[in-house]
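So you can see what is in the structure, the chains are spelled out below.
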Amino acid sequence: MMINPVLLIAIPLGLAFIAVVFKKLQGWILAIGVAANAFLVFFVEKGETAIGGFKLPFAISLVLDDFSFIGVILVNVLTLAAVAVAFRKTEKYVPVILAGLAGLNGMVLTGDMFNLFVFMEITAISAYILSSEGRKPEQSFNYLVIGSIGSVLYLLGLILIYGQTGTLNMSLMAEKSALIGQAAMVLPLVLIFAGIAVEAKLLPMSGWVRGVLGNSNALTGVMFASVYSSAALMVFGRVFSQVLIPGTTAGVIIIVIALLTFAAGQVSAFRSKSLRQVLLYSSIAQSGLAAALFATGFVFPAVLVIINNAAGKMIMFSTAGNLEEKYGTDDYVGLGGAFVRNMPAGVAFTIAALSLTGLPLVFGFYAKLNVLAAYLNQGTFFVPAVVLAGTIIEGAYFIRILIKLWAPGKEGEWADADQSVGEKKIFNPAGTVVVILVTLLIILSGFLPDSVGKLVAPGGGLLGDEGPSISMTMEKGGDQ
Amino acid sequence: MIKFASLLLIIIGLYGILSTRNVIKILVGINVMEIGINVFIIAMGFVNDGAAPILSVDNPVNVLKFVDPVAQALVLTSIVIGLGITALGLVFARKIHKKYGTYDLSETGGES
């Protein structure tokens, strides 16, 4: 039995309102909502669904193709994981998380550019509220201001394109915008880029990340770095590799900004001393890499980078948030030996770090190999050089952190378990199970990369395949 | 003409946001910017001597004279979203004032 994709939006949105009324049942409502969505996502009908009784392309539509399918799986499964790991912290935010989940599903599924704006705003409002958990209202305000500027720029760019194409439907806009001269598309594309760049954490709109993610806990860290980030990057991919394909000028501008984001993120992560800051700058870097790939048209490797980052950051931010809560610091020098008597959390964190760096036997290797192969097959050598340089920096700061967290004491001396910062359990039992499951998935997909490749791109997507193996399977408008 | 005026409003709003550290004034800047973009959207759908886009037998109108109803629908949605963002911004402003006793972001301490 297949279900209508609108249910992925309607169920959490409906439950969000119900949760406001039935405050005492909020925990149950949240658990049921996120579990139902994570289950139903595998039974959603593929294709384009028109909403509201109008005919396409006039109706707002939801599109579930191979691309958005990966997006909704990431969003719903990771939200379930985030809630399971930090269920205690969700108490005050049940309606917000559920409304945010509705917005995220809408963002990934929608086939209408203005509807995308509406869902991005719903998601952004829930993100602003979640960010206030960091007890730094000025940082949440900063996030709101940057987000508002971004949304106005997005709207301006969108209206300029609407003026030229006369449609908001993504597939029709893709057809019509291809006929418009490149010069006329540069300004609207850059404006839309600025709008999406806020949630996708790309320069110069990533100013909010340090204040918000730097003060995140096990819930908000995972939500921002894994869930929101993946959805925003999938939207970035949808818009810039399938709807509004940038011409030479706009393409170069976007790719340069994305690569600068990658390089700046890696260097800033290397210079940071706080665990959450390292992770947040690493997230910025990974976003930059995925955006550069999408803007070049390499959809398959970009999706692999997003999956790898989402799984890795889910483990790492929940660990970092819990460490900060248990020991009152997230300076990794001050957390020496925290993993010594916390084997499951330590091993999970280590595997996630290795996967993000792209070492063999874990999923990240397959992702990085695809990134490099895509560019090298195309005959581009500059970008792989930047990616490899970034990987070396990434490896250096992750190894530095891992050494500190596994081996207490001073450098050059014998590391004794008694010198470790403490023996406090990092995760509760449910959290441990979730983290171990995600770690097993990272390892398993490292051994069976082709199966993951087939799941991500059933139509092909071979190693280093330069063409976007995932394409929109929208029907032309007019028929319902 | 009205398009340029609306773009000017967006720039004034952006200047307002960037030139002050007072949270209330920043929110006013955001609102000016949002009004600018809303007027711009309406201006995109504007037709000189245009008519409401309603086809009727009693009052036949040249369809080329119809103003674009999509632009108006977009603005309606955009206004509602703007209201939500402003309300939330004011909540944060209140929280900032409660915590630091000031609306000035430069007096709220460190960056992170």
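Which residues make up the overall build of chain B, and what values go with them?
What chain B contains, in helices and strands, is 3 helices and 0 strands. Secondary structure of chain B in N-to-C order comes out as α-α-α. Once the C-alpha set of chain B is aligned to its principal axes, its extents read approximately 65 × 25 × 20 Å. Residue pairs in contact within chain B that sit at least 24 positions apart in sequence constitute 55% of those at least 6 positions apart.

Could you give an account of the overall build of chain A, with specific residues and numbers?
Looking only at helices and strands, chain A has 18 helices and 2 strands in total. Its C-alpha radius of gyration of 21 Å places chain A within 12% of the 23 Å reference for a compact globule of 480 residues. The burial tally for chain A puts 63% of its 480 residues in the buried class. For chain A, long-range pairs separated by at least 24 residues make up 78% of all intrachain contacts whose partners lie at least 6 apart in sequence.

Tell me about unusual backbone geometry, and name the residues and values.
Residues and elements named next belong to chain A. A cis geometry characterises the amide bond from Leu56 onward to Pro57, with omega recorded as 5°. Inspection of the secondary structure puts Pro57 in the loop between β1 (47-51) and β2 (60-64). Residue Pro204 is bonded to the preceding Leu203 through a cis peptide linkage, with omega at -5°. Examined against the element boundaries, Pro204 turns out to sit in the loop between α8 (182-200) and α9 (207-213). Not every positive phi belongs to a glycine, and Leu361 is a case in point at roughly 75°. The partly exposed category is assigned to Leu361, around which 13 C-beta atoms lie within 10 Å.

Account for helix α17 (residues 429-447) of chain A, naming residues and giving values.
Residues and elements named next belong to chain A. Between its first and last C-alpha, α17 extends 27 Å over 19 residues, near the 27 Å set by a 1.5 Å rise per residue. Of the residues making up α17, those classed as buried are Gly431, Val434, Val435, Val438, Thr439, Ile442, Ser445 and Gly446. What you see down the axis of α17 is that its buried residues fit within an arc of 130°, all on one side. Of the exposed residues in α17, the ones pointing more than 90 degrees away from its buried face are Pro429, Leu440 and Phe447. Those residues of α17 that are buried are in contact with α3 (66-85), α13 (299-327), α14 (343-357), α15 (363-378) and α18 (449-456).

Could you give me a rundown of the packing of helix α10 (residues 218-243) of chain A against α13 of chain A, with the residues and numbers involved?
Residue and element names in this part refer to chain A. Remark: α10 packs on α13, axes separated minimally by 7 Å, with the N-to-C direction vectors making an angle of 170°. Taken as axis vectors, α10 and α13 run roughly antiparallel relative to one another. Crossing handedness for the pair α10 and α13: right-handed. Contacts from Ala218, Gly221, Val222, Ala225, Ser226, Ser230, Leu233, Met234, Gly237 and Ser241 of α10 reach α13 at Val299, Ala302, Ile306, Ala310, Lys313, Met314, Phe317, Ser318, Ala320, Gly321 and Asn322. Here the residues of the contact of α10 with α13 are counted per class, giving 12 nonpolar, 8 polar and 1 charged.

Describe the environment of Gly166 of chain A, naming the residues involved and giving the relevant values.
All names here are of chain A. As for its placement among the helices and strands, Gly166 is situated in the loop between α6 (137-165) and α7 (170-177). For Gly166, a count of 12 C-beta atoms within 10 Å puts it in the exposed group. Separated by 11 residues in sequence, Gly166 and Ser177 have C-alpha atoms that sit 10.0 Å apart.

Pulling in residues and values, what's your account of the interface of chain B and chain A?
Across the contact, 29 residues belong to chain B and 21 residues belong to chain A. Contributing elements (two or more residues each) for the side of chain B that touches chain A: α1 (2-19), α2 (23-44) and α3 (69-100) of chain B. If one sorts the elements of the side of chain B that touches chain A by residue count, α3 of chain B sits on top with 13 residues.

Provide a residue-level description of the confidence of the model for chain B, including the pertinent values.
All names here are of chain B. The predicted model of chain B has a mean per-residue pLDDT of 88, with 95% of residues at 70 or higher. For chain B, the element scoring lowest by mean pLDDT is α1, at 92; α2 scores highest, at 94. Scoring the predicted complex yields pTM 0.91 and, for the interface, ipTM 0.93.

Outline the packing of α14 of chain A against α17 of chain A, listing residues and values.
Residues and elements named next belong to chain A. It is at 10 Å that the axes of α14 and α17 come closest, and there the two elements cross at 35°. Taken as a pair, α14 and α17 cross one another with a handedness that is left-handed. Across the interface between the two elements, Pro344, Ala345, Val347, Ala348, Ile351, Ala352 and Ser355 of α14 pack against Thr432, Val435, Ile436, Thr439, Ile442 and Ile443 of α17. For the contact of α14 with α17, the class distribution of residues is 10 nonpolar, 3 polar and no charged.

Requested: an account of the environment of Lys136 of chain A, with residues and values cited.
Residue and element names in this part refer to chain A. The residue Lys136 is located in the loop between α5 (113-131) and α6 in this model. For the pair Lys136 and Ala290, spaced 154 residues apart in sequence, the C-alpha separation works out to 30 Å. Sequence-distant contacts of Lys136, defined by excluding residues within four places in its chain, comprise Gly211 and Asn215.

Cut-offs applied
The numbering scheme is per chain: residues are counted from 1 as the chain's sequence reads. Numbering of ligands from 1 and lettering of chains from A proceed in the order in which they are written. Since the coordinates come from a predicted model, pLDDT governs what is reported: local features require at least 70, and pairs of side-chain atoms require 80 or more to be given and counted, while whole-chain, interface and lining totals use all residues. Numbering of helices and strands runs from the N terminus, with a helix taken as a DSSP run of H or I at least four residues long and a strand as a DSSP run of E at least two residues long. Whether two residues are in contact is decided by their C-beta atoms, placed from the backbone, lying within 7 Å. It is over C-alpha atoms that the radius of gyration is taken, and the globule rule equals 2.2 Å times the number of residues to the power 0.38. Whether a residue is buried, exposed or partly exposed is read from the other C-beta atoms within 10 Å of its own C-beta, which are placed from the backbone; 20 or more gives buried, 12 or fewer gives exposed, and intermediate counts give partly exposed. One less than the residue count of a helix, multiplied by 1.5 Å, gives the span that helix is expected to have. To be clear, the arc concerns the directions from the helix axis to the C-beta atoms. Axis definition: a line fitted to C-alpha atoms, limited for helices to the stretch in contact. Angles are taken between N-to-C directions and run from 0 to 180 degrees. Between 65 and 115 degrees an angle is taken as roughly perpendicular, under 35 as roughly parallel, over 145 as roughly antiparallel, and anywhere else as oblique. With the far helix as reference, a near helix turned anticlockwise by less than a right angle produces a left-handed crossing, and one turned clockwise produces a right-handed crossing. Classification used: nonpolar for Ala, Val, Leu, Ile, Met, Phe, Trp, Tyr, Cys and Pro, charged for Asp, Glu, Lys and Arg, polar for all others including Gly. Confidence of the prediction at every residue is given by pLDDT, a number between 0 and 100.

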